[in-house]
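If you want the building blocks of each chain, they are given just below.
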Amino acid sequence: MLKARLTEGIRRMSGLHWLMLFGGILLCWAALFAMSVPQDLRAAGAVYGAEFWLTLCTMTPDAAGAARMVLMWVLMSAAMMAPTALPAFATYDDLSRSAEGTRFGDLVAGYLLVWIGFSLMAAGLQLVLLRADLISVFGDSRSGLLSALLLLIAGGYQFTPLKTQCLSKCRRPLVFFMQHWDEGAFRNGLRLGAVCLGCCWALMLLAFVGGVMNLAFMGLATVFMVLEKLPEIGRWLTRPMGVVLCASGLWLLVTSI
């Protein structure tokens, strides 16, 4: 039974729109990988000059640096958050097979638009922190107090009613879409993006602790956020992760004072 359900799920995700979505996710991860690889391992440096990749990945407190920050956050948000929404996308795709005038691309566009907005705010925050010398040019924290604060915020948020409500909607996408079906694909995408943002914004800001260009952090955070949104698994992860994050934040706070 499980094998049959898995096979059917994979078959339904074989359409062109799914291939484009998966391709987009892979391209985002590839771009992030290219931006994070050390300069001495980059073949393109021999073509474009030794400073090409270092310039691309170094965030400076000016207009050019701000543009690179926005680009990096947009790529990171798309690469990390689109996989967490795959169950919801699949549910909408199934529902749209029996309805006219629904476009899968509009749903994804609305979802990503919310995360582009988050990326703009996160890049602005990164610029402020960089100018205050609280993070390095590569986006990792230089302050134990800042790291402790972000860990405590993320950990405490795991226990809040808002987090619980947002997770409940993400874990029951069929109910979520049926409640708002008449609003259309794009607005449903905006709603889904807002709910997803409500689940994950605090965890995403931990990039300033783990390193904005740290692929290991991005990968682990993505896996956790995917699992957290699964009904049978996520309910066992949310609060324990909150305990771990709060304990880590308190330890850093004590050792930093």
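Residues numbered from 1 in each chain as written. Predicted model: local features only at pLDDT ≥ 70, side-chain atom pairs only at ≥ 80, totals over all residues. Heavy atoms only, no water.

1. Quick look at a nonpolar patch on the surface
Okay, step 1: A surface patch of nonpolar side chains, amounting to about 340 Å² of accessible area, comprises Leu 113, Ile 116, Leu 120 and Phe 186.
Okay, step 2: If one sorts the elements of the nonpolar patch by residue count, helix 7 (residues 104-131) sits on top with three residues.
Okay, step 3: The residue Ile 116 is located in helix 7 in this model. (Patch = residues over 30% accessible without salt bridge, like charges linked within 9 Å, V, L, I, M, F, W, Y side chains within 5 Å. Areas by Shrake-Rupley, 256 points an atom, 1.4 Å probe, with all protein chains shown as cover. Salt bridge = Lys/Arg side-chain N within 4 Å of Asp/Glu carboxyl O. Helix = DSSP H or I, 4+ residues; strand = E, 2+ residues; numbered from the N terminus.)

2. Things to note about the nonpolar core
Okay, step 1: Of all hydrophobic cores here, the largest spans 67 residues; its most connected members are Trp 73, Met 81, Phe 89, Trp 115 and Met 225.
Okay, step 2: Looking at this core element by element, the count peaks at twelve residues for helix 7.
Okay, step 3: With near-sequence residues (within four places) excluded, Trp 115 lies in contact with Ser 77, Met 81, Gly 193, Cys 196, Leu 197, Cys 200 and Met 204. (Core = buried A, V, L, I, M, F, W, Y, C linked by side-chain atoms within 4.5 Å. Buried < 20%, exposed > 50% of the residue type's maximum accessible area, 1.4 Å probe, protein only. Contact = heavy atoms within 4.5 Å.)

3. Details of the packing of helix 6 (residues 86-96) against helix 7
Okay, step 1: Relative to each other, helix 6 and helix 7 sit at 150°, their axes nearing to 10 Å. It follows that helix 6 is roughly antiparallel to helix 7 by the angle criterion. Viewed along their axes, helix 6 and helix 7 form a crossing whose handedness is right-handed. Of the residues in helix 7, those touching helix 6 at Phe 89, Tyr 92 and Asp 93 are Phe 104, Leu 107, Val 108 and Tyr 111.
Okay, step 2: Its residues placed into classes, the contact of helix 6 with helix 7 shows six nonpolar, no polar and one charged. (Axes fitted to C-alpha atoms, helices over the stretch in contact; angles between N-to-C directions. Parallel < 35°, antiparallel > 145°, perpendicular 65-115°, else oblique. Left-handed = near helix turned anticlockwise from the far one by under 90°. Nonpolar A, V, L, I, M, F, W, Y, C, P; charged D, E, K, R; others polar.)

4. Some details on the packing of aromatic side chains
Okay, step 1: This structure, assessed with the given rule, holds nine aromatic pairs.
Okay, step 2: With centroids separated by 6.0 Å and ring planes inclined at 80°, the aromatic side chains of Trp 73 and Phe 118 adopt a geometry described as edge-to-face. One end of the pair, Trp 73, is in helix 5 (residues 63-84); the other, Phe 118, is in helix 7, with 45 residues separating them in the sequence. Across this residue pair, the class does not change: Trp 73 and Phe 118 are buried.
Okay, step 3: Measuring from ring centre to ring centre gives 4.9 Å for Tyr 92 and Trp 181, while their planes differ by 35°; the resulting arrangement is tilted. In this pair, Tyr 92 is assigned in helix 6 and Trp 181 in the loop between helix 10 (173-180) and helix 11 (185-204), connecting sequence segments 89 residues apart. (Phe/Tyr/Trp six-rings, centres within 6.5 Å; stacked < 30°, edge-to-face > 60°.)

5. Quick word on unusual backbone geometry
Okay, step 1: At Asp 133, a residue that is not glycine, the phi angle is positive and equals roughly 60°.
Okay, step 2: Tracing the backbone shows Asp 133 in the loop between helix 7 and helix 8 (144-157).

6. Side note on the side chain of Arg 171
Okay, step 1: Turning to its location among the elements, Arg 171 is positioned in helix 9 (residues 161-171).
Okay, step 2: Buried charge Arg 171 goes without a salt bridge, the closest partner of opposite sign being Glu 228 at 5.4 Å.
Okay, step 3: A polar contact of 3.3 Å, which involves the side chain of Arg 171, links it to the side chain of Thr 238.
Okay, step 4: The contact partners of Arg 171, leaving out residues within four places of it in the chain, are Glu 228, Lys 229, Leu 230, Pro 231, Gly 234, Arg 235 and Thr 238. (Lys, Arg positive; Asp, Glu negative; His and termini not counted. Polar contact = N/O pair within 3.5 Å; in protein donor to acceptor, adjacent residues only side chain to side chain.)

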